[in-house]
Amino acid sequence: EDKVVQSPLSLVVHEGDTVTLNCSYEVTNFRSLLWYKQEKKAPTFLFMLTSSGIEKKSGRLSSILDKKELFSILNITATQTGDSAIYLCAVKRMDSNYQLIWGAGTKLIIKP
Amino acid sequence: NAGVTQTPKFQVLKTGQSMTLQCAQDMNHEYMSWYRQDPGMGLRLIHYSVGAGITDQGEVPNGYNVSRSTTEDFPLRLLSAAPSQTSVYFCASRGTSTDTQYFGPGTRLTVL
């Protein structure tokens, strides 16, 4: 059975710290892995990683994909209170027209 | 563009009542879906559609119906509400050439 597991489930750090969030997957016919940030409302898209794009960076956020070990990490440097959110990871299969397989999320709290 | 819109934002129902959650998108996306999000369980797919007139079941379809008469609209109907359907519901859409989904703001539903 396909599954996506995120760790840790929750994390509390102080402003300025660096955090690393993990997403491991067991999915047949992997196509892409997506990271979303969810604050109070809907998830917003952060990154998509595929075989041809295994490292992405945007400002203080970066993500890599390890297709051999079947995991991805989301790194946030110099954290700010605005980074507090739930971070969701999802995997899309090559043979699935639509369905994404979602992890349960990591709840990140940044203390001032 | 308004993106993905959902109504209502909040709803309280009594057990056995029926209602329809509305979802619309103005991006001409073929793919639309409904998710429910419960604490610690991530996003679970209820139903999805790959185009007007085509719908299919997701992971947790029981107790819900959908229809897709136009590209823009994808309503979710609760036939006879149960307390187990208390959740936050998200509608999402995406185009055919990308894996990135765009989410609506969500509907918080409480069934008493």
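Further up the page is the structure itself.
Worth saying up front: this structure is predicted, and the values here are computed from it rather than measured. (Residues numbered from 1 in each chain as written. Chains lettered and ligands numbered in written order. Predicted model: local features only at pLDDT ≥ 70, side-chain atom pairs only at ≥ 80, totals over all residues. Heavy atoms only, no water.)

Colleague: Looking at this structure, how should I read unusual backbone geometry?
Modeller: The peptide bond linking Ser7 of chain A to Pro8 of chain A adopts the cis configuration, its omega dihedral lying at -10°. Relative to the helices and strands, Pro8 of chain A is located in the loop between strand S1 (3-7) and strand S2 (10-14). A cis amide bond links Thr7 of chain B to the next residue, Pro8 of chain B, at an omega of -5°. By the secondary structure assignment, Pro8 of chain B is in the loop between strand S1 (4-7) and strand S2 (10-13). Positive phi values are uncommon outside glycine, yet Leu70 of chain A reaches one of about 60°. Its place among the elements puts Leu70 of chain A in the loop between strand S7 (61-66) and strand S8 (71-76). (Helix = DSSP H or I, 4+ residues; strand = E, 2+ residues; numbered from the N terminus.)

Colleague: Can you help me understand the sheet that holds strand S7 (residues 64-66) of chain B in this one?
Modeller: The pairing of strands in a sheet happens through backbone hydrogen bonds and is either parallel or antiparallel. Residues and elements named next belong to chain B. Taken together, 4 strands build an open sheet; the order of strands is S1-S3-S8-S7 and the sheet is antiparallel. Of all the strands in the sheet, the pair left with one neighbour each is S1 and S7. For this sheet, the mean inter-axis angle between neighbouring strands, taken without regard to orientation, is 20°. Looking at chain direction, strand S3 (residues 19-25) and strand S8 (residues 76-78) are connected through 3 bridges and run antiparallel. By the bridge assignment, Leu21 is partnered in S8 with Leu76. (Pairing = 2+ DSSP bridges. Axes fitted to C-alpha atoms, helices over the stretch in contact; angles between N-to-C directions.)

Colleague: Could you clarify how one ought to interpret the environment of His29 of chain B in this entry?
Modeller: All names here are of chain B. Counting through the fold element by element, His29 comes out in the loop between S3 and strand S4 (31-37). With relative accessibility at 9%, the residue His29 sits in the buried group. Taking the C-alpha atoms as reference, His29 lies 9.1 Å from Val50; in sequence the two are 21 residues apart. One polar contact links the side chain of His29 to the main-chain amide nitrogen of Arg94, over a distance of 3.3 Å. (Buried < 20%, exposed > 50% of the residue type's maximum accessible area, 1.4 Å probe, protein only. Polar contact = N/O pair within 3.5 Å; in protein donor to acceptor, adjacent residues only side chain to side chain.)

Colleague: Help me understand the state of the cysteines, please; the structure alone is not making it clear to me.
Modeller: Cysteine pairs can be linked by a disulfide, which is a covalent bond between their two sulfur atoms. The full count for this structure, using the stated rule, is 2 disulfides over all chains. Here Cys23 of chain A engages in a disulfide with Cys89 of chain A; their sulfurs sit 1.9 Å apart. Taking the sign of the torsion about the S-S bond as the criterion, the disulfide between Cys23 of chain A and Cys89 of chain A, at about -65°, is left-handed. Here the residue Cys23 of chain A occupies a position in strand S3 (residues 19-26), and Cys89 of chain A occupies one in strand S9 (residues 85-93), the gap between them amounting to 66 residues. Of the two residues, Cys23 of chain A and Cys89 of chain A, both sit in the buried class. The side chain of Cys23 of chain B participates in a disulfide bridge whose partner is Cys91 of chain B; the two sulfur atoms lie 1.8 Å from each other. Because the torsion about its S-S bond is -70°, the bridge between Cys23 of chain B and Cys91 of chain B counts as left-handed. Here Cys91 of chain B lies in strand S9 (residues 87-94) and Cys23 of chain B lies in strand S3, a separation of 68 residues in the sequence. Here Cys91 of chain B falls in the buried class, since its relative accessible area comes to 0%. (Disulfide = S-S within 2.5 Å.)

So, to be careful, I would describe these as geometric facts and stop short of saying anything about function.
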